[in-house]
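# Report on the structure
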Amino acid sequence: MVKRCGLLLWLVLCATAPAWGRGWEPLGYTLRMNAFGTSNAFPGSPLVAPDNGIEPRGALSSGLRVSKALKLGVVVSAGGNVQRVYTRGDYGWLGLGTLLRRHATTLTADGEWTPKRNKFPTNLDEGGEYAETKLTLGLRQNLGSRTRLRMDGTLDRDKYVHTLSERDVHGRELFASVNVSCAPGIELRAETSVGRDVANASRYDINAHWAGAGVVRSDSLWRSDLSVRSGVRSYPHNIPGASNYRRRDQSIEIRLRVTRALGPGLSAVAGASLADKTSTRDDLKFTARTFTLGFEWTGGGK
C-alpha cells in the first residue's frame with residue numbers, strides 16, 4: 001500500500017512536468033539547527049539513557065500557479081539526529097512532499113524514508129536496526145476566517161534486519177486537529193490521534209490513541225506554543241507469561257516552544273518538554289525532561 005501511494009505521489013509530480021520550465025516560483029529554502037539535551041534519549045527502553053546532540057534539517061520548496069484558482073507546491077527535505085553518547089541511535093531521513101491548494105482547501109501528500117535506524121540501541125534485547133517508509137495524505141480546510149481544520153492519514157512500514165523480521169510492522173494512523181483564533185495573536189488548538197501497528201509476530205502488535213490541547217500566542221517578534229497531550233498504548237495479542245501480557249502504558253507530556261525573530265528570515269528557537277509514563281510493567285515507567293535550543297533560517301522564494 002505504501003509503495004502504491006508513493007507511486008501516486010510520483011505520478012502527480014510527473015503530470016505537471018511539462019510546466020516545470022515555466023511559471024515555477026524561485027526556490028525557497030528553510031534551514032534548521034537544534035541542539036538538545038535529554039534525561040532519556042530512548043523513552044520506552046528499560047534502560048534510562050541521558051544524552052545530548054544536534055538535529056539538523058533543511059528543505060527546498062517551489063510553487064506553480066496551475067490556474068487562477070489552483071496552486072501546486074513541491075518540497076524536498078532532509079534531516080537527521082546525531083547523538084554524543086549513544087551514537088548507534090544516529091539516523092538520517094529524506095522527504096518529498098506536494099500540496100494542491102484551491103481557495104480554502106489544501107490537499108497534501110508527503111513521503112519520508114529513513115534508510116537505517118536503531119530502536120532502543122541501549123538494549124540489545126529490545127533494540128534492532130530497521131528501515132522506515134512513511135506516507136501521509138492530508139486535508140487542510142479553512143472554515144471561515146477564524147477556524148482551521150486538519151486531517152492526516154498515515155501509512156508506515158518498519159522493515160527490520162533479517163534476524164528480527166518477526167518485528168516488521170505495517171502501521172496506520174489517523175490524526176485530526178482544529179485551530180480556532182479567539183483573539184488577535186491568540187489561537188487555541190485541540191487534536192487527537194488513533195493508530196494501530198500490525199507486526200509479523202502478533203505479540204508486537206500495538207494499539208494507541210492520544211488527545212491533546214494547546215495555545216499559541218504570537219506578535220511581530222515572539223511566538224509561543226504551549227501544549228499538553230495524554231495517550232494510551234496497549235499490546236492486545238500477547239499470551240500469558242509473555243513480558244507484554246496485558247501491558248498497558250499511559251503517558252502525559254507537556255511541551256513549550258518559544259520563537260523569537262532576530263532579523264529578516266532568521267529566528268531563534270527554544271523548547272522544553274516533560275514526559276511522564278506509567279505502565280503495568282514497572283521497568284518501563286519513566287519521566288523524561290528535554291531541552292532544545294536552535295536557529296532557523298528561511299529565504300528565497302517569491
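Residues numbered from 1 in each chain as written. Predicted model: local features only at pLDDT ≥ 70, side-chain atom pairs only at ≥ 80, totals over all residues. Heavy atoms only, no water.

A word on the overall build of the chain. Looking only at helices and strands, the chain has one helix and 14 strands in total. Since a compact globule built from 302 residues should have a radius of gyration of about 19 Å, the 21 Å found for the chain is in line with a globular shape. Overall, the C-alpha framework of the chain stretches about 65 × 40 × 35 Å when taken along its three principal axes. Taken across its 302 residues, the chain has 34% of its residues classed as buried. Sequence separation of at least 24 residues holds for 51% of the intrachain contacts in the chain that already meet a minimum separation of 6. Carbon and sulfur atoms provide 60% of the accessible area of the chain, an area that totals close to 17,400 Å². Distance from the positive charge centre (42 side chains) to the negative charge centre (28 side chains) of the chain: 6 Å. (Helix = DSSP H or I, 4+ residues; strand = E, 2+ residues; numbered from the N terminus. Rg over C-alpha atoms; globule rule 2.2 N^0.38 Å. Buried < 20%, exposed > 50% of the residue type's maximum accessible area, 1.4 Å probe, protein only. Contact = heavy atoms within 4.5 Å. Areas by Shrake-Rupley, 256 points an atom, 1.4 Å probe, with all protein chains shown as cover. Lys, Arg positive; Asp, Glu negative; His and termini not counted. Charge placed at Lys NZ, Arg CZ, Asp CG, Glu CD.)

The next point concerns empty space enclosed by the protein. Enumeration according to the criterion identifies one cavity of 30 Å³ or more in this entry. By volume, the largest cavity is sized at about 30 Å³. Lining the largest cavity are Arg32, Asn34, Arg257, Val269, Phe295 and Glu296. For the lining of the largest cavity, the elements supplying multiple residues, two or more each, are strand 1 (28–38) and strand 14 (286–300). (1 Å grid on protein atoms, 1.4 Å probe; cavity = no way out; pocket = protein on both sides within 12 Å on 5 of 7 lines; lining within 4 Å. Points joined across faces, edges and corners; volume = space filled by probe spheres on them.)

Although it is not a glycine, His103 sits at a positive phi angle of roughly 55°. Among the structural elements, His103 can be located in the loop between strand 4 (91–102) and strand 5 (105–119). Overall, the relative accessible area of 60% leaves His103 in the exposed class. Positive phi, close to 55°, is recorded for Arg246, a residue that is not glycine. Tracing the backbone shows Arg246 in the loop between strand 11 (222–234) and strand 12 (248–263).

Under the defined criterion, the tally for this structure stands at 16 salt bridges. For Asp283, the salt bridge goes to Arg281, with nearest N and O atoms at 2.8 Å. Residue classification places Arg281 among the buried residues on the basis of a relative accessible area of 13%. Residues Lys285 and Asp282 are paired through a salt bridge, measuring 3.2 Å at the closest nitrogen-oxygen approach. Among the residues examined, Lys285 registers a relative accessible area of 45% and is labelled partly exposed. Several salt bridges share partner residues, and in doing so they unite Arg189, Glu191, Asp225 and Arg229 into one network. (Salt bridge = Lys/Arg side-chain N within 4 Å of Asp/Glu carboxyl O.)

We now examine the side chain of Glu296. Counting through the fold element by element, Glu296 comes out in strand 14. With a relative accessible area of 18%, Glu296 lands in the buried category. A polar contact is formed between the side chain of Glu296 and the side chain of Arg32, at a distance of 2.8 Å. Filtering out sequence-adjacent residues up to four positions away, Glu296 remains in contact with Thr30, Leu31, Arg32, Arg257, Gly265, Leu266 and Ser267. (Polar contact = N/O pair within 3.5 Å; in protein donor to acceptor, adjacent residues only side chain to side chain.)

Below, the discussion takes up the pairing of strand 14. Regular strands place side chains that alternate from one sheet face to the opposite one. Of the strand pairs in this sheet, strand 1 and strand 14 are connected by eleven bridges, and their pairing is antiparallel. Paired with Asn34 across the strands is Gly294, a residue of strand 14. The pairing of strand 13 (residues 266–279) with strand 14 spans twelve bridges and is antiparallel. Residue Val269 lies in a different strand from strand 14, and its bridge partner there is Gly294. Hairpin connection from strand 13 to strand 14: six residues lie between these consecutive antiparallel strands. (Pairing = 2+ DSSP bridges.)

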